[in-house]
Amino acid sequence: MNKFFLSSLILVILLSGCSLYVPKSEVRFQTSDFSNNAMNYPRYQEISQPAGFINTPPVTIGELVGKKVVLIDFLTYTCINCIRTFPFLNALYDKYKDQGLEVIGIHTPEFAFERKYDNVVMAMEKYGIKFPIVLDNEYGTWNAYGNQYWPRKYLIDIDGNIVYDHIGEGGYEETEAKVQELLTERMARLGEKDGMKKEMINPVDIGARGLIDQTRPRSPETYFGALRNEFFGNGRPGVIGVQSLDLPKTIQRDTLYLVGDWDIQGEYATNQSAHASIIYRYRGSHVYIVAYAEEDNTVQVLRDGERLGEVKGDDVRVLSDGLEIVPIKEDRLYTIVNGEYGEHTLQLEIDEPGLRLFAFTFG
């Protein structure tokens, strides 16, 4: 059994049952004998069933083999773990695109609204992404690679062999070092002059965030929709339909509580009543929520019964009376809390019906 598939099998066994993003886990390949790559590594898989392209005309990996080194990155625009890697990907592309590197983002949606072309275009513009993006709405390329994680990076050498595979955030120095190694091989093979800058990208300088501290437990990604709402504390998990819900006397950690009348669908929950509430006792430093509203809606935010103050997230606005709210309209990820690590109870008060909630994530 070749090394790549043995490593992948071990990963599947170890990580089955975990969330789609598993920080820090990775597979790394090291070699200086490029002549043996075809025997040691699997071939690239072609882009399959693309629903559209952004920043590029239709592109294939096959047309780049023999010409460029290719970095494939599986991403989706509401994944905070992907978002934290975007500055590094942008810097890597800017630095090496003229040295023979092509970066291709495979945008595989987690939620239905992430299939919308215009939504992805706006997200890529927001994060300054200029490299080619492929809309993988039918999971064709995701399945071709046997992928299970956001984000995930594959490096493909000039001969079309997958020689590096990294799951999750971080690993920036290792990834860039491998890019340099493969580009050096490419230039030698094509007889090009090596004018590559050898100094490494500093993730801090470009605003890329590394891995969260794994020594401190974080609350799990928590979904509102019936397909994955196993942490639903005061309702019936896995049940589609309207539920009228009251707040229990005891609030358990890492458990989602909804108050009011809620319409639970497969991917999301929508409050049908005004003045509905969401309660979640979490562990972590950052809190994000994926949400959408057909009409402009606002959420008042309290933590441990008090205003956020200095730990308010990027999407929190302070009103003249001091109330802290999050205006919600676009279907995207909203940053609620940016603070120091701790355990806190988050309370979201919704003024109007019609807010669609998909997931909480924590950093």
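Just so it is clear, the structure is predicted and the values come from calculations on it, not from any experiment.

## Some remarks on the side chain of D136
No. 1: Turning to its location among the elements, D136 is positioned in the loop between β5 (133–135) and α6 (140–144).
No. 2: Despite its burial, D136 pairs with no opposite charge; the closest candidate is R115, at 8.8 Å N-O.
No. 3: D136 has contacts with S48, F74, I106, H107, T108, P109, T141 and W142, leaving out every residue within four places of it along the chain.

## Overview of the pattern of salt bridges
No. 1: In total, this model carries 20 salt bridges according to the counting rule given.
No. 2: When the shortest N-O distance is used, the salt bridge between R186 and E192 registers 2.9 Å.
No. 3: You can call R186 buried: its relative accessible area is 8%.
No. 4: Members of the salt-bridge network, linked through shared partners, are R253, D254, R281, R283 and E343.

## Brief notes about the environment of N90
No. 1: Along the chain, N90 turns up in helix α4 (residues 86–96).
No. 2: Owing to a relative accessible area of 14%, N90 belongs among the buried residues under this scheme.
No. 3: Expressed as a C-alpha distance, the spacing of N90 and G128, which sit 38 residues apart in the sequence, is 7.5 Å.
No. 4: Here N90 is in contact with Y127, G128, I129, K130 and F131, once residues within four sequence places are set aside.

## Comments concerning the packing of α4 against helix α7 (residues 172–190)
No. 1: It is the contact of α4 with α7, at a shortest axis distance of 12 Å, that shows an interaxial angle of 20 degrees. Overall, the two elements α4 and α7 adopt an arrangement that is roughly parallel. Both α4 and α7 take part in a crossing whose hand is right-handed. In this structure, α4 contributes F88, L92, K95 and Y96 to the contact, and α7 contributes Y172, T175, E176, V179, Q180 and L183.
No. 2: Broken down by class, the residue content of the contact of α4 with α7 amounts to six nonpolar, two polar and two charged.

## Considering the pairing of strand β3 (residues 69–75)
No. 1: In terms of residue burial, β3 counts as a mostly covered element, since seven of its seven residues are buried.
No. 2: Covered by surrounding structure in β3 are V69, L71, D73 and L75 together with V70, I72 and F74, the residues of both alternating faces.
No. 3: Pairing between β3 and strand β4 (residues 101–107): seven bridges, direction parallel. Within β4, the position partnered with V69 by the bridge is L101.

## A closer look at the nonpolar core
No. 1: One finds I72, L101, I133 and Y145 to be the most contacted residues of the largest nonpolar core, which totals 64 residues.
No. 2: Take this core: its biggest share by element is seven residues, from α4.
No. 3: Not counting residues within four places of it along the chain, the set of residues in contact with Y145 comprises Y44, Q45, I61, I72, F74, Y154, I156 and I162.
No. 4: Within the second largest apolar cluster, 34 residues are counted, among which are I278, V301, I336 and F362.

Cut-off values and rules
- Residues numbered from 1 in each chain as written.
- Predicted model: local features only at pLDDT ≥ 70, side-chain atom pairs only at ≥ 80, totals over all residues.
- Heavy atoms only, no water.
- Helix = DSSP H or I, 4+ residues; strand = E, 2+ residues; numbered from the N terminus.
- Buried < 20%, exposed > 50% of the residue type's maximum accessible area, 1.4 Å probe, protein only.
- Lys, Arg positive; Asp, Glu negative; His and termini not counted.
- Salt bridge = Lys/Arg side-chain N within 4 Å of Asp/Glu carboxyl O.
- Contact = heavy atoms within 4.5 Å.
- Axes fitted to C-alpha atoms, helices over the stretch in contact; angles between N-to-C directions.
- Parallel < 35°, antiparallel > 145°, perpendicular 65-115°, else oblique.
- Left-handed = near helix turned anticlockwise from the far one by under 90°.
- Nonpolar A, V, L, I, M, F, W, Y, C, P; charged D, E, K, R; others polar.
- Pairing = 2+ DSSP bridges.
- Core = buried A, V, L, I, M, F, W, Y, C linked by side-chain atoms within 4.5 Å.

Keep in mind that these numbers describe shape and distance, not what the molecule does.
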